[in-house]
Amino acid sequence: MIDHTTDASHRQNATAGTHKDILMRGSFVGSCKMYACGTFAKNRSCQCNDKCTRYRNCCADYVKQCASHGSLEELAPSHLPYGHPSQKSYPKYSGFTLWLVEDFDEAINLDSDPIWTWSDGGLKEGQVRFTKEQISFGGGKMRIRVQKNTGWQEPCSHAQAETIPHKPLVSGELRTRYNMFRYGRYEVRMRAPHVQFLKPQVDGNFVASVFVFRAASFHHWREVDVEVTGRRAGAISTNVLNADHTSRWHRWIEQTDYPKTYPGINVRSEFHTYAFERLPDVIRWYIDGKQVREKRNDRLKVPDMSAKVMLNLWIYRKTKYPFGGFELNNDRFPMQSEYDWFRFYKWDEDAHYPPANMKPTSLSKDDLYLTSNNPCDGIPQVGLVDKNGRRYGACYAKCR
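Everything numeric here is computed off the predicted structure, so don't read it as measured data.

**Observations concerning the nonpolar core**
Core analysis: the biggest nonpolar cluster contains 64 residues, and W116, I236, Y274, L311 and F342 have the highest contact counts within it. Ranked by size, the runner-up nonpolar core spans 12 residues in total, among them Y35, C52, C59 and V63.

Written out as structure tokens, the structure is:
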């Protein structure tokens, strides 16, 4: 039961500073170390009382400083991790809590799972349309399969909030239902496709990714990637994008190390572990436990908003300089990528994302902007598409 006598006064929390203010404000940044846990004052830039989690305005160090003050049960549920874990123990990382595990030892129902679903999208620069049927589970693995498109798909894509022309290929994209993942460590163990059956040495074109991404129509474009490509046997690139109100790529909204090749690695013949740690002021990428890149706040800021986790496989369009590999003519279909497991470790100092109960009720209006992923996910498509200076309603497709 809520104590309404105290809750009325604490409603001022809602206007007393947001987490984004705490991280991005220039000259003054409040903290629980400064304010003391359990206290409230309207004029503070952030709060350290037990209601700050409800109003999403906790100071950045709230969890670290106030873990012993009052109850933080809603921030650290006792039943962690979420998902479908099958192992008794997992690696631990200082400053992070294991929050979500998918060991793929059982199939995920992509229409009813509370965390995961499928995308009905398709990149403009790609040759594939994403469908649910191209994602499968078996033998302790998840597989995403690209093959020729011999069927029909709804022109309207909920994932992209616009119509998509027919594509010559179909593939799959596993994604979380909501923008509720922000700071933490993201890990996946994956094997990239053979572009020709049982010929891992043959180069071709594909992009097999694990990444976080926000906004269907680029209201806020926030993205952090690991992209394994068909360009070379050891072709692995890392990428970050941060922009607002643009539907077009520009070089100044991105920092990437593409094309990058790691000698001695064959991403197609062996499973490898790819990871990135995303924190308020730095992103670090890892391959098989070894750090390979670090990006700090500079001209391009580290993305500060929550996003969806996505794993997909796609083929670039035929062009003079195709991303993902020049040897498009070597591609033979079907081809597939395999995933052994996925893990997300929440950063212990993020008091807001993901929500403790993994439900969307505590997400902001902006978090829920055009957040439907497919016509069967039951998520309302709220908001107007904001592209190229125009605003208009999103398209709708039927669940079939």
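**What about the pattern of salt bridges?**
Scanning all chains against the criterion turns up 18 salt bridges. The closest approach of N and O atoms between K141 and D340, which form a salt bridge, is 3.6 Å. Highlighted residues: K141 in strand β6 (residues 141-148) and D340 in strand β20 (residues 335-347), separated in sequence by 199 residues. For R214, the salt bridge is made with D366, and the minimal N-O distance between the two is 2.7 Å. Linking R214 in strand β12 (residues 207-214) with D366 in the loop between β20 and β21 (384-387), this pair joins segments that are 152 residues apart in sequence. Look at D366 and you get partly exposed, because its relative accessible area is 26%. Through salt bridges with shared partners, a single ionic network connects R143, R191 and E338.

**Considerations on the pairing of strand β16 (residues 272-279)**
Burial runs high along β16: 8 of the 8 residues are buried. Residues H272, Y274, F276 and R278 point to one face of β16 and T273, A275, E277 and L279 to the other, with burial holding for every one of them. In the sheet, strand β11 (residues 184-191) pairs with β16 via 7 bridges, with the strands oriented antiparallel. Looking at the pairing, V188 lines up with Y274 of β16. Here β16 hands over to strand β17 (residues 282-287) after 2 residues, the two strands then running antiparallel side by side.

Rules used in this analysis
In every chain, residue numbers begin from 1 and rise along the written sequence. Confidence filtering applies because this is a predicted model: local features only for residues at pLDDT of at least 70, side-chain atom pairs given and counted only at 80 or more, and all residues used for totals across whole chains, interfaces and linings. Water and hydrogen atoms were dropped before computing side-chain values, which therefore reflect all heavy atoms in the structure. By nonpolar core we mean a set of buried residues, namely Ala, Val, Leu, Ile, Met, Phe, Trp, Tyr and Cys, connected to one another through side-chain atoms within 4.5 Å. Any residue under 20% of the maximum accessible area for its type is buried, any over 50% is exposed, and the rest in between are partly exposed; the area is computed with a 1.4 Å probe on protein chains only. Just to be clear on terms, a salt bridge is a Lys or Arg side-chain nitrogen sitting within 4 Å of an Asp or Glu carboxyl oxygen. Working definition: helices are DSSP H or I runs of at least four residues, strands are E runs of at least two. Numbering for both runs from the N terminus. Paired strands are those between which DSSP finds at least two bridges.

Nothing here speaks to function; it is geometry throughout.
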